[in-house]
Amino acid sequence: MNIAVAIDQIPQDALPNASEAGPAPKRIVVAYGFWIFLLSDIIMFAALFASYAVLVRSTAGGPTGAQLFNQTTVAIETVCLLVSSYTCGLMSLATNSRRYLRTYLGALITFALGVTFLSLEIREFSSMISIGAAPQRSAFLSAFFTLVGCHGLHVALGLIWLIVMMVQVAVFGFAARVEHRLLCFSLFWHALDIVWVGVFTVVYLMGVSS
């Protein structure tokens with residue numbers, strides 16, 4: 001027997017109106033707010049990309065990207081971040097399967113790759129500053145340090161977030177709220193990878209070829 005009832009067969013007075021339905025569940029509100037946060041972050045990076053594109057040739061007689069960028073180091077950074085996105089995905093799969101060991105292992109590898117990425121980026125910044133290519137040297141360097149440094153700051157915050165999440169897994173297990181927060185972290189981390197692909201292409205590849 002078919003027990004499905006078409007919605008148009010239900011009396012209209014039996015359906016709750018918007019005021020009777022009450023507020024949306026907290027899970028939906030948080031998810032909606034997180035997507036707004038990601039979109040606002042992408043808009044911010046888009047503005048930084050636009051500023052860099054305008055100022056890339058404003059070197060004020062100082063060094064250019066072709067003279068400063070080390071493609072080998074940047075390639076290693078890119079590999080580290082892209083692989084960390086893969087291990088982050090494995091961590092998410094392990095979380096869905098409620099496997100503690102694989103979750104911790106995926107988080108540990110993701111964290112190690114993120115730290116390696118940050119270490120290489122900090123070393124790049126320090127080497128540039130040591131030869132006088134500091135942010136105040138030219139508009140080009142100001143735009144470069146702002147764009148790449150902002151991405152690096154997001155990676156650092158993501159690593160802190162990952163540590164907090166692993167503590168929550170250890171304390172609360174795979175509770176629904178913990179799983180939801182891990183999903184938000186994964187989306188955030190993958191978004192950072194997408195932004196880095198843009199940085200790698202616009203800043204480093206085009207900077208060397210120009």
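Residues numbered from 1 in each chain as written. Predicted model: local features only at pLDDT ≥ 70, side-chain atom pairs only at ≥ 80, totals over all residues. Heavy atoms only, no water.

Let's talk about the overall build of the protein chain
Secondary structure assignment for the protein chain yields seven helices and zero strands. From first element to last, N terminus to C terminus, the protein chain shows the α and β order α-α-α-α-α-α-α. Looking at the protein chain residue by residue over its 210 residues, the buried ones come to 38%. Considering only contacts in the protein chain between residues 6 or more positions apart, those separated by 24 or more positions represent 81%. (Helix = DSSP H or I, 4+ residues; strand = E, 2+ residues; numbered from the N terminus. Buried < 20%, exposed > 50% of the residue type's maximum accessible area, 1.4 Å probe, protein only. Contact = heavy atoms within 4.5 Å.)

Some remarks on a nonpolar patch on the surface
A cluster of nonpolar side chains, Leu 153, Leu 157, Ile 160 and Val 164, forms an exposed patch at the surface whose accessible area comes to about 360 Å². Mapped onto the secondary structure, Leu 157 falls in helix α6 (residues 139-172). (Patch = residues over 30% accessible without salt bridge, like charges linked within 9 Å, V, L, I, M, F, W, Y side chains within 5 Å. Areas by Shrake-Rupley, 256 points an atom, 1.4 Å probe, with all protein chains shown as cover. Salt bridge = Lys/Arg side-chain N within 4 Å of Asp/Glu carboxyl O.)

Regarding unusual backbone geometry
Notably, Ala 60 is not glycine yet its phi reads approximately 55 degrees, a positive angle. Within the secondary structure, Ala 60 is located in the loop between α2 (26-55) and α3 (65-68). Note on Ala 60: relative accessible area 61%, which makes it exposed. Here Arg 98, not a glycine, exhibits a phi torsion of approximately 60 degrees, which is positive. Mapped onto the secondary structure, Arg 98 falls in the loop between α4 (71-96) and α5 (100-130).

Re the UniProt feature "transmembrane region" (unreviewed entry) in the protein chain
Feature annotation in UniProt places "transmembrane region" (unreviewed entry) on residues 29-54, 74-94, 101-120, 140-170 and 182-206, given in this structure's numbering. With 100% helix and 0% strand, the stretch residues 101-120 has end C-alpha atoms that lie 29 Å from each other. (UniProt positions renumbered as here; feature names shortened; annotations may be inferred.)

What to know about the nonpolar core
By size, the foremost hydrophobic cluster in this structure holds 48 residues, and its most contacted members are Phe 144, Val 199 and Tyr 204. Elements with a contribution of two residues or more to this core: α2, α4, α5, α6 and α7 (176-209). Those residues in contact with Phe 144 that lie beyond four places of it in its chain are Tyr 52, Phe 69, Glu 124, Phe 125, Met 128, Gly 149, Val 203 and Tyr 204. (Core = buried A, V, L, I, M, F, W, Y, C linked by side-chain atoms within 4.5 Å.)

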